[in-house]
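The lines below spell out each chain.
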Amino acid sequence: MILPRSKLNAQIEKMSPQDSFHASKKVCHLLRSGVAAIFGPQSAHTASHVQSICDTMEIPHLETRWDYRLRRESCLVNLYPHPTTLSKAYVDLVKAWGWKSFTIIYENNEGLVRLQELLKAHGPYEFPITVRQLGESSDYRPLLKQIKNSAESHIVLDCSTERIYDVLKQAQQIGMMSDYHSYLITSLDLHGVDLEEFKYGGTNITAFRLVDPDGPEVRKVVREWNLSEAKNKKGEISSIIRDNNTFVKAETALMYDAVHLFAKALHDLDTSQQIDIKPLSCDAVDTWPHGYSLINYMKIVEMRGLTGVIKFDHQGFRSDFVLDIIELSKEGLKKIGTWNSTEGVNFTRTYGEAYTQIVEIIQNKTFVVTTILSSPYVMRKEASEKLTGNAQFEGYAVDLIHEISRVLGFNYTIRLAPDGRYGSLNRETKEWDGMIRELLDQKADLAIADLTITYDREQAVDFTMPFMNLGISILYRKPIKQPPNLFSFLSPLSLDVWIYMATAYLGVSVLLFILARFSPYEWDNPHPCNSDPDVLENQFTLLNSLWFTIGSLMQQGSDIAPKAVSTRMVAGMWWFFTLIMISSYTANLAAFLTVERMDSPIESADDLAKQTKIKYGALRGGSTAAFFRDSNFSTYQRMWSFMESQRPSVFTASNVEGVERVVKGKGGYAFLMESTSIEYVIERNCELTQVGGMLDSKGYGIAMPPNSPFRTAISGAILKLQEEGKLHILKTRWWKEKRGGGACRDDTTKTSSTANELGLANVGGVFVVLMGGMGVACVIAVCEFVWKSRKVAVEERSSLCAEMASELRFALRCQGSTKPIRKKGRSCNAPTGVDDGRFHPLGSYTSYGFVSKEPIN
Ligand code: GLU
C-alpha cells in the first residue's frame, strides 16, 4: 500500500490519435472535474495540446512514449528511454557484432529518426549501408527479394510490433531466414510476437527489451494481474499483451511505472503538506498549486519499477537505463546479455554456451558442400558400377569433410561447382564466380577444396582456420644429366689455380737453377778419382731443376738432391706446397668425379623473370595468378606483364592442363603452382620437379557464406583433427600412397646408389693424357735418334742413312743393355759428361748434361 492516506481514481478517455481538438476538449473536461495528473496520450499528434494545457494549469503530465522532440517542458515527465541514448544501444550492438554492412528496413520517418545514431556512426569510407522503406501494402516480398539479391545478410528491422511477424514470415518464404541471416529488431516488444515458426531456422533474431520477465517486481505484478483477471474476466487490464501470462508490453510497464512514480511523489509530499485536488477551468487563469512540487519531486526521486531503475538526468530525461539483449533460440527468446548507457554491450552468454548451442544446431543439419575436381583433393572414384551421391568422389578434401562431420555430427552432400572454378572477383562487374559464388548465392554451405585463403575472398566469405600450409613455387621438367667431362680430373682446381700452379712450377725451377749456380756448395768435383779437379760441376742445370720440381710435384722425387741450405730451403718449401696442393686436389677429385652434373636453365623465379625463352603461366582465376597480378614486387610485376602478353595464353583452365603443358613443353614451359600440388605431381611424374623455394606462404581453408555461425565449430574440428595427427595421416595417404604415390622414390634411391661408380667417361681424360705423353716421348726419341745419327755421320764421314740403319739394327736386336763404342781413347781421367761428339746409347750417359769448365777458387 503506497498511498495510505489517498486514493487514486483512474479516469480513462479514448480519442482518435489525430484529433487534437477533441483531445484538448477532453483534457479541459477532465480538469473541470479535478485531476492530480494526466498520463498520456500515446499519440504524438494530440500530445502537444495536452502538454500545453497541463503546462498552463500546472498539472503534472506523465508520458510513456517515444518522443524524438526531446521537449523539456516544466510540467512534463517522460518515462520512455531517452531516444538518442536508445539509438546508441543499437549502434553498440552492431559494433559489438562487427557488422560491416547492413540494410535498414524502416516503416516511417520516426524509424529513421530512431536509427539516426546508427546512420551517423557509419563512416563514409566503410562498407555501404542500405536503407529501405516498407511500403503501405502488406506484401513485402518485392522489397525483401531486392535485399536478398544484394546478398545482404544483416538486417535492422524497425517497424511496429504488429508488422514484425508478417515481415519475418515473408522473409522466410523467400529464403531470407537461413543460418546466415541476422536480424536486429528495434521494437522493445519482440516477446509479444509469435516467433514459433522461426525458432528452428537457425536465423539470428535479436532485440532489446526493457522489461525483464524474470525480475521479482514483474513476476509479482504479473501474478497479481493474473489473479485479478481471473476474478474479473472483464477487468480493465485486458489491454496487457501477455505471452503465457508472464510477458508485459513495454508500454504497459512504462504506464505502470509512471503511475507508481506519481504515487510515490504524492505519498512523499503528502507527509509534509496537505495535497487536495482542485477543479480547474481552461478558460480561467487558475493553476494547481501542488503541480510543480510533484513534478520536480518526480524528477529527482529514484525508484525501481517494472522497467528497471527509474531516474532522470539533470535535463529531466531518462537517459540512464538498462536493456536486456534477447536472442531467438530453439527454446524461444533467451537473454544473452545486457546493455547500459555507461558500459555499453555486455554479453552474459559464455563462449562455451554459444559453442554448445551452435554444435546442437549443426547436428541436425545437412550441409551442401561445393567443390571442384582437383587431384588429390577431390577426384572421381574409379569403379565398375555407376556411383551416385557422395560415393562418386574421393580424395583428401572428401576425407577431411568426412572426418569433420564425424566430429560435429552433421550430414553433407557434395556438389561440384558448375563452372569448375575456385572463385575470383570480376573487377568490372564486381561479381564472384566459382565456389565463392555458390556460397554467396547460398546454394552451398561449405566450400572444400584446395581453396586458398586470400584477402579478397575473406572480404566476401568466411574462412575457417587453414587445414594445410603452402606457397607458390615452380613446376618444371627435371634437369638433364650432363655426360661426364673427359677432362673432369681438371675440375677439382679452377683454371686460375692451374695457371698459378704452372707459373709457380716454372718460377721455383728457375729460382732453384739460379740459387744453385749462386751457392758455392752446389759445385762439386765431377770425378771422384781426381782429388784435384780442374773443373767443378753443378747438377742443377735448368733441365735438371725442372725435372727436380716436377718430380716432387708428382710425388715421385728424382735422384737429384740439393746440398746448399738455400736450395734446400727452396726444395722444402716446394715440397710443402705440393703436399697441400696434392692433398686438396685429391680430396676434391673424389667429390667431382662422383657427383652428377645437372643442367637446369632455371633455378628460381628470378631466373624465370630474367629470360623470355622459357614461357611460364599459372591457373586462370586462381590465387596464384592473383598473387602476381596484385604484387608490388618488381620481379613479380614483370612476370605478370610477361604472362599477360603471351599469345597463345600461358594461363590454364586447370592444374592438370598446366602439368601437361610442362611435360609436353620439354623445357619450354614452366608452371607456377602451389607447393602442395607440385609435391603431389612430382611424386608421380618423375620427369618433373619443383624449381626454387616458395614465393609466399599461405593456407587452404574451408569457406562458408558470410556471417556463418558454424565457422568457430568447424575451425575447432579442424584443430582437433590436426592435434590428433589425422590431417597428417590423410596427407600421407593421398600424397604418398594412393593413386600411384611413391613412383619416383625408386628413381632417387637408384641414382644415389650408382653415384659412387666411376665410368671410363669420368676418368677417360687421364688415359688421353697418358697416351698423349707417350706419343710425345716417341716423337722426341725419334728426333734424338735422327739428331745423333746425323752428328755421328758427319764425324765418321758416312752417310746419314747408313748410320741410322746400323743404329736401328742395333736397337731392334733388343739384346743386352751395353753397346760398344766405335772409337777408343777414353780414360778414367777423361771428363765424363763432356760431349765428345761420339754416339752414346741412351742410358749410359744420363745424369750429366752440362759440365762447367770454371775452376774452383
Ligand atoms: N588454390 C588456388 C585457389 O584457390 C588455385 C590454384 C592456383 O591458383 O595455383 O585459387
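Read on for an overview of the structure.

Calculation rules
Residues numbered from 1 in each chain as written. Predicted model: local features only at pLDDT ≥ 70, side-chain atom pairs only at ≥ 80, totals over all residues. Heavy atoms only, no water. Axes fitted to C-alpha atoms, helices over the stretch in contact; angles between N-to-C directions. Helix = DSSP H or I, 4+ residues; strand = E, 2+ residues; numbered from the N terminus. Parallel < 35°, antiparallel > 145°, perpendicular 65-115°, else oblique. Contact = heavy atoms within 4.5 Å. Nonpolar A, V, L, I, M, F, W, Y, C, P; charged D, E, K, R; others polar. Buried < 20%, exposed > 50% of the residue type's maximum accessible area, 1.4 Å probe, protein only. Arc of directions from axis to C-beta. Near = heavy atom within 4 Å. Polar contact = N/O pair within 3.5 Å; in protein donor to acceptor, adjacent residues only side chain to side chain. Areas by Shrake-Rupley, 256 points an atom, 1.4 Å probe, with all protein chains shown as cover. 1 Å grid on protein atoms, 1.4 Å probe; cavity = no way out; pocket = protein on both sides within 12 Å on 5 of 7 lines; lining within 4 Å. Sits in = over half its atoms within 2 Å of the grid points. Points joined across faces, edges and corners; volume = space filled by probe spheres on them. Disulfide = S-S within 2.5 Å.

### Description of the packing of helix α12 (residues 396–408) against helix α23 (residues 711–723)
For any two helices packed against each other, one specifies the crossing angle of their axes together with the interaxial distance.
Phase 1 of the analysis: At a closest axis distance of 9 Å, the pairing of α12 and α23 adopts a crossing angle of 110°. Between α12 and α23, the angle falls in the class roughly perpendicular. Between α12 and α23, the residues in contact are L400, E403, I404, V407 and L408 and A713, I714, A717, I718, K720 and L721, respectively.
Phase 2 of the analysis: When the residues that make up the contact of α12 with α23 are grouped by side-chain class, the tally is nine nonpolar, no polar and two charged.

### What to know about helix α10 (residues 291–300)
Phase 1 of the analysis: Looking at α10, one finds that the buried residues are G291, L294, I295, M298 and K299. Seen from one end, α10 has its buried residues packed into an arc of 135°, which puts them on one side.
Phase 2 of the analysis: Of the surrounding secondary structure, the elements contacted by the buried residues of α10 are β2 (61–63), β3 (76–78) and α9 (250–270).

### Examining the site of the ligand
Phase 1 of the analysis: Inspection of the region around the ligand gives Y422, D450, L451, T452, R457, L619, G622, S623, T624, E674 and Y700 as its neighbouring residues.
Phase 2 of the analysis: A distance of 2.6 Å is found between a nitrogen atom of the ligand and a backbone nitrogen or oxygen belonging to D450.
Phase 3 of the analysis: Taking R457, its side chain carries an N or O atom lying 2.7 Å from an oxygen atom of the ligand.
Phase 4 of the analysis: Expressed as a share of its isolated accessible area of 290 Å², the protein-covered part of the ligand is 100%.
Phase 5 of the analysis: Taken atom by atom, the bulk of the ligand overlaps the second largest cavity.
Phase 6 of the analysis: Across the shell around the ligand, the residue classes break down as four nonpolar, four polar and three charged.

### Topic: empty space enclosed by the protein
Phase 1 of the analysis: For the structure on display, the rule yields three cavities of 30 Å³ or more.
Phase 2 of the analysis: Empty space within the largest cavity amounts to approximately 170 Å³.
Phase 3 of the analysis: As for the largest cavity, its lining consists of 19 residues, and the residues nearest its centre are R71, L76, N78, G316 and F317.
Phase 4 of the analysis: No other element matches β3, which puts three residues into the lining of the largest cavity.
Phase 5 of the analysis: Taken together, the residues that form the lining of the largest cavity break down as seven nonpolar, four polar and eight charged.
Phase 6 of the analysis: In this structure, the second largest cavity spans a volume of roughly 120 Å³.
Phase 7 of the analysis: Around the second largest cavity, the lining comprises 13 residues; the ones closest to its centre are L619, S623, T624, N655 and E674.
Phase 8 of the analysis: Listed by contribution, the elements that provide at least two residues to the lining of the second largest cavity are α19 (623–630) and β29 (669–674).
Phase 9 of the analysis: With three residues, the top contributor of residues to the lining of the second largest cavity is β29.

### Description of the state of the cysteines
Phase 1 of the analysis: In the structure shown here, the tally under the stated rule is two disulfides.
Phase 2 of the analysis: Between the sulfur of C28 and that of C282 lies a disulfide, 2.0 Å long from S to S. The chirality of the disulfide connecting C28 with C282 is left-handed, given an S-S dihedral of about -105°. In this pair, C28 sits in helix α1 (residues 20–33) while C282 sits in the loop between α9 and α10, placing the two residues 254 residues apart along the sequence.
Phase 3 of the analysis: Take C282: its relative accessible area is 25%, and that puts it in the partly exposed class.
Phase 4 of the analysis: Each sulfur of the disulfide joining C686 and C744 lies 2.1 Å from the other. Taking the sign of the torsion about the S-S bond as the criterion, the disulfide between C686 and C744, at about -95°, is left-handed. Of this pair, C686 sits in the loop between α22 (675–684) and β30 (688–691) while C744 sits in the loop between α24 (726–737) and α25 (745–754), placing them 58 residues apart in sequence.
Phase 5 of the analysis: Judged by relative accessible area, C744 falls into the buried class, the value being 8%.
Phase 6 of the analysis: For the protein, the bonded cysteines connect in the pattern 1-2, 3-4 when numbered consecutively along the sequence.

### Quick look at unusual backbone geometry
Phase 1 of the analysis: The omega torsion of the bond from G40 to P41 falls at 5°, within 30 degrees of zero and hence cis.
Phase 2 of the analysis: Mapped onto the fold, P41 is located in the loop between β1 (38–39) and α2 (44–57).
Phase 3 of the analysis: Of the consecutive residues R647 and P648, the connecting peptide bond is found in the cis state with omega at -5°.
Phase 4 of the analysis: With respect to the helices and strands, the residue P648 is situated in the loop between α20 (634–645) and α21 (655–665).
Phase 5 of the analysis: Look at Q442: it is not a glycine, yet its phi comes out positive at around 55°.
Phase 6 of the analysis: Positionally, Q442 belongs in the loop between α13 (434–440) and β20 (446–447).

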